[in-house]
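In case you want the letters, here they are:
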Amino acid sequence: MHEQFNFIIEILGTISFSMSGSFAAMQKRLDPFGVLIIAFVTSVGGGTVRDLLLDIPVFWMHDLLTCGVIIMTSIFTMIFKSLEKNFKVTLFIFDSFGLGLFTIIGIQKGINVNIHPLICIGLGTITGCFGGIIRDILLNRIPLIFRKEIYATACIVGGSAFLLMTKFSPLSYTFIQIFTILLIVAIRTFAVKYHWQIPKFYGHDHSSEM
Amino acid sequence: MHEQFNFIIEILGTISFSMSGSFAAMQKRLDPFGVLIIAFVTSVGGGTVRDLLLDIPVFWMHDLLTCGVIIMTSIFTMIFKSLEKNFKVTLFIFDSFGLGLFTIIGIQKGINVNIHPLICIGLGTITGCFGGIIRDILLNRIPLIFRKEIYATACIVGGSAFLLMTKFSPLSYTFIQIFTILLIVAIRTFAVKYHWQIPKFYGHDHSSEM
Amino acid sequence: MHEQFNFIIEILGTISFSMSGSFAAMQKRLDPFGVLIIAFVTSVGGGTVRDLLLDIPVFWMHDLLTCGVIIMTSIFTMIFKSLEKNFKVTLFIFDSFGLGLFTIIGIQKGINVNIHPLICIGLGTITGCFGGIIRDILLNRIPLIFRKEIYATACIVGGSAFLLMTKFSPLSYTFIQIFTILLIVAIRTFAVKYHWQIPKFYGHDHSSEM
């Protein structure tokens, strides 16, 4: 049961990032192969770094299904894009779900190989954020992580909630997974909608910027 | 015989990317050590990612000859650059040959460790493109992969041809290697010369760009 | 004794890069979590690449102390930043010490697994430079490595001195470590202060820049 739900989370996360990468690439007017490549890099980027850090086989290298899902999703996105009038919002929604889904997957994979839970929060954050960062760097966009609204913080908060709830609450594991994924999506959505920012308590620097 | 030709392909690919990296760095007016570093990164970038993904020892860490070839080629390029009046064209030629040579090497290394052929095409494309991408990001150039003309598509087409021909045609392996490397170079050359672009069948988006 | 001093070098290097990353992030007005993330990436970036290249477990994944030092240093830097009026100079000082410390650590780790000394110089240079490069790319700054003053050259010179002295001089290992770390810091300091540049003997290119 857990295995099946973990599989669903991985597929949904892959689809989310494949769509977010496809939309971002279409906005930049890349040709269809370019869109496929960006979709691929966005989908596998976070998980690749995660697996390299954990010193386990890189997931997509041994999994035709994942590669197929990425490509099919990207082609589907390109064909049916006309149904979607507003790329910006759509990209954001899929990026947020990918963020949540992959953060939880990253934490779980770290726990599975006995990495300390606190380090797993960092691992989950990296897994969630990295695909979008590579996508933005390759497409010459300002990475979402550097906009004013909180981004990686959502992963840290969601990941911490995940670990605390799995350790201390009587709720079912699957419920906790769903809850924390939606928590990350909600944090990102509210952050962008209401311009949530963490106060910069550290004040201001007057030296000329380097 | 195959071993020797594979060795020649690796050396030629290393020389090509070392030259392309050196020319790009000289254009950006880096000092000689900077040129060496960029030449090195461009040459080893793709193969390093490939070996990390395949979980095999990273090739240049255990191979003084490769490191020496990169450095000697870069120094040679700096000394004899005055023979070359047009950096832009020269950079393109060497980048194209590096692309073709390293794509084929990447596919071969994946096949050798039993990675599925379709995934090997992706691996070969990454191996071929990655060095140039790192070079362009470090030098703050717009990565060649994002110009209008097809780039990674050449690797995908050449890589697919390589696999199909090795599996289904009676031609010798060495001939197929040479043919597909030249195919990738030809695709890139015609693409840039005649502005080949893959039609963007996915239409246009009118939302403000993010 | 060596073990203890190596441990001190690693902690000091981690603190240096955590501070340099924190200052750079505060200059870019990131929120406190963003500052933490940049401090973390700058501190672990070089060592992560080094451990991946050496195919050994990535150091910070299994070391809560290192992660704690990075975070505590970053928080300390944010709280006490008002004591520091000039971010630019402070960032430079900590970046230079991080550069020197991590270059020596990188070389030592390569020697420990029998990598050829010449390749270790490259490994040490990568270990020293990479954290700062990731920091600058993520923060959309021009990487320090591409300013006019010598940067990676300092690592190559210091690393070469380290190897030559450990092999041929009767001085104590610890003295050589301290000397070469300070040598790298000194080279960077004089380079920036007196605008040291390596003459570009390779002349000028008149083709339009790509």
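Note that the coordinates shown come from a computational prediction; the quantities given were computed from them, not determined experimentally. (Residues numbered from 1 in each chain as written. Chains lettered and ligands numbered in written order. Predicted model: local features only at pLDDT ≥ 70, side-chain atom pairs only at ≥ 80, totals over all residues. Heavy atoms only, no water.)

A.B. asks: Hey, could you run me through the nonpolar core in this one?
C.D. replies: General note: in soluble globular proteins, nonpolar side chains tend to be found buried as a group. By size, the foremost hydrophobic cluster in this structure holds 121 residues, and its most contacted members are W60, M61 and C129 of chain A, W60 and M61 of chain B together with W60 and M61 of chain C. Of all the elements, helix α2 (residues 32-54) of chain C adds the most residues to this core, at 10 residues. The contact partners of M61 of chain B, leaving out residues within four places of it in the chain, are L53, L54, I115, I119 and L123 of chain C. F87 of chain A together with L99, C129 and A154 of chain B belong to the second largest nonpolar core, which has 28 residues in total. (Core = buried A, V, L, I, M, F, W, Y, C linked by side-chain atoms within 4.5 Å. Buried < 20%, exposed > 50% of the residue type's maximum accessible area, 1.4 Å probe, protein only. Helix = DSSP H or I, 4+ residues; strand = E, 2+ residues; numbered from the N terminus. Contact = heavy atoms within 4.5 Å.)

A.B. asks: I tried to follow the interface of chain A and chain B on my own but got confused; where do I start?
C.D. replies: Taken residue by residue, the interface counts 35 residues in chain A and 29 residues in chain B. Counting each side, the surface lost to burial between chain A and chain B is near 3,000 Å², with a carbon and sulfur contribution of 71%. Sorting the residues of chain A by area buried against chain B places R29, F33 and M61 of chain A first, and these three jointly supply 21% of that buried surface. Where chain A touches chain B, the interface holds 0 salt bridges. Between chain A and chain B we count 0 residue pairs in polar contact (both at pLDDT 80 or more) in total. Contributing elements (two or more residues each) for the side of chain A that touches chain B: α1 (2-27), α2 (32-54), α3 (64-79), α4 (87-112) and α5 (117-138) of chain A. It is α2 of chain A that contributes the most residues to the side of chain A that touches chain B, 7 residues altogether. Here the residues of the side of chain A that touches chain B are counted per class, giving 21 nonpolar, 4 polar and 10 charged. (Buried area = accessible area lost by both parts, 1.4 Å probe. Salt bridge = Lys/Arg side-chain N within 4 Å of Asp/Glu carboxyl O. Polar contact = N/O pair within 3.5 Å; in protein donor to acceptor, adjacent residues only side chain to side chain. Nonpolar A, V, L, I, M, F, W, Y, C, P; charged D, E, K, R; others polar.)

A.B. asks: Before we go on, may I ask you to explain the relation of the copies chain C and chain A in this structure?
C.D. replies: Relating one copy of the chain to the other requires a rotation about an axis plus a shift along that axis. With an RMSD of 0.0 Å, the operation that places chain C on chain A is a rotation of 120 degrees combined with a shift of 0.0 Å along the axis. Seen this way, the second copy is the image of the first under a three-fold rotation axis. By C-alpha distance to the rotation axis, the residue of chain C lying nearest is L52 of chain C, at 4.3 Å. Looking at chain C, a mere 9% of its interface residues are interface residues in chain A too, so the copies touch through different faces. (Least-squares fit on C-alpha atoms with pLDDT ≥ 70 in both.)

A.B. asks: Could you clarify how one ought to interpret empty space enclosed by the protein in this entry?
C.D. replies: Empty pockets left among the atoms are what a rolling probe the size of a water molecule brings to light. What the rule picks out here adds up to 1 cavity of 30 Å³ or more. The volume enclosed by the largest cavity comes to roughly 150 Å³. Every residue lining the largest cavity is counted, 18 residues in all, and those nearest its centre are L52 and D55 of chain A, D55 of chain B together with L52 and D55 of chain C. At the level of secondary structure, the elements contributing two or more residues to the lining of the largest cavity comprise α2 of chain A, α2 (32-54) of chain B together with α2 of chain C. In terms of residue count, α2 of chain A provides more of the lining of the largest cavity than any other element does, 3 residues in total. Here the residues of the lining of the largest cavity sort into 12 nonpolar, no polar and 6 charged. (1 Å grid on protein atoms, 1.4 Å probe; cavity = no way out; pocket = protein on both sides within 12 Å on 5 of 7 lines; lining within 4 Å. Points joined across faces, edges and corners; volume = space filled by probe spheres on them.)

A.B. asks: Where do I start with the relation of the copies chain A and chain B in this structure?
C.D. replies: Laying chain A over chain B is done by rotating through 120 degrees and shifting 0.0 Å along the axis; what remains is an RMSD of 0.0 Å. Mapped onto chain B, only 9% of the interface residues of chain A again fall at the interface, so the copies present different surfaces.

A.B. asks: In this structure, what is going on with the UniProt feature "domain: Glycine transporter" (unreviewed entry) in chain A? I would like to understand it.
C.D. replies: Look at the UniProt record and you will see "domain: Glycine transporter" (unreviewed entry) annotated at residues 8-81 and 93-166 of chain A. With 80% helix and 0% strand, residues 8-81 of chain A has its two end C-alpha atoms placed 24 Å apart. (UniProt positions renumbered as here; feature names shortened; annotations may be inferred.)

A.B. asks: Help me understand the packing of aromatic side chains in this model?
C.D. replies: Think of a pair of aromatic rings as described by two things: how far the centres are apart, and how the planes are tilted against each other in angle. One pass over the structure, following the stated rule, counts 18 aromatic pairs over all chains. Seen in terms of ring centroids, F40 of chain B and W60 of chain B are 5.1 Å apart; in terms of plane orientation they differ by 90 degrees. Their pairing is edge-to-face. One end of the pair, F40 of chain B, is in helix α2; the other, W60 of chain B, is in the loop between α2 and α3 (64-79), with 20 residues separating them in the sequence. Note on F17 of chain C and F102 of chain C: the rings are 5.3 Å apart at their centroids and 35 degrees apart in plane angle, and the pair reads as tilted. Taken as a pair, F17 of chain C in helix α1 (residues 2-27) and F102 of chain C in helix α4 (residues 87-112) lie far apart in primary sequence, 85 residues in all. Relative accessible area serves as the criterion here: at 3%, F102 of chain C is assigned to the buried category. Above the plane of the ring of F59 of chain A lies R50 of chain A, whose end atom (NZ or CZ) is 5.4 Å from the centre. (Phe/Tyr/Trp six-rings, centres within 6.5 Å; stacked < 30°, edge-to-face > 60°. Lys NZ or Arg CZ within 6 Å of the ring centre and 35° of its normal.)

A.B. asks: Is there a simple way to explain the interface of chain C and chain A in this structure?
C.D. replies: Taken together, the 35 residues of chain C in the interface contact 29 residues of chain A. Roughly 3,000 Å² of surface becomes buried between chain C and chain A when both sides are summed, with 70% attributable to carbon and sulfur atoms. Summed over the three residues of chain C that lose the most area to chain A, namely R29, F33 and M61 of chain C, the buried surface amounts to 22% of that side. The interface formed by chain C and chain A includes 0 salt bridges. Between chain C and chain A we count 0 residue pairs in polar contact (both at pLDDT 80 or more) in total. If you list the elements that add at least two residues to the side of chain C that touches chain A, you get α1, α2, α3 (64-79), α4 and α5 (117-138) of chain C. The element contributing the most residues to the side of chain C that touches chain A is α2 of chain C, with 7 residues.

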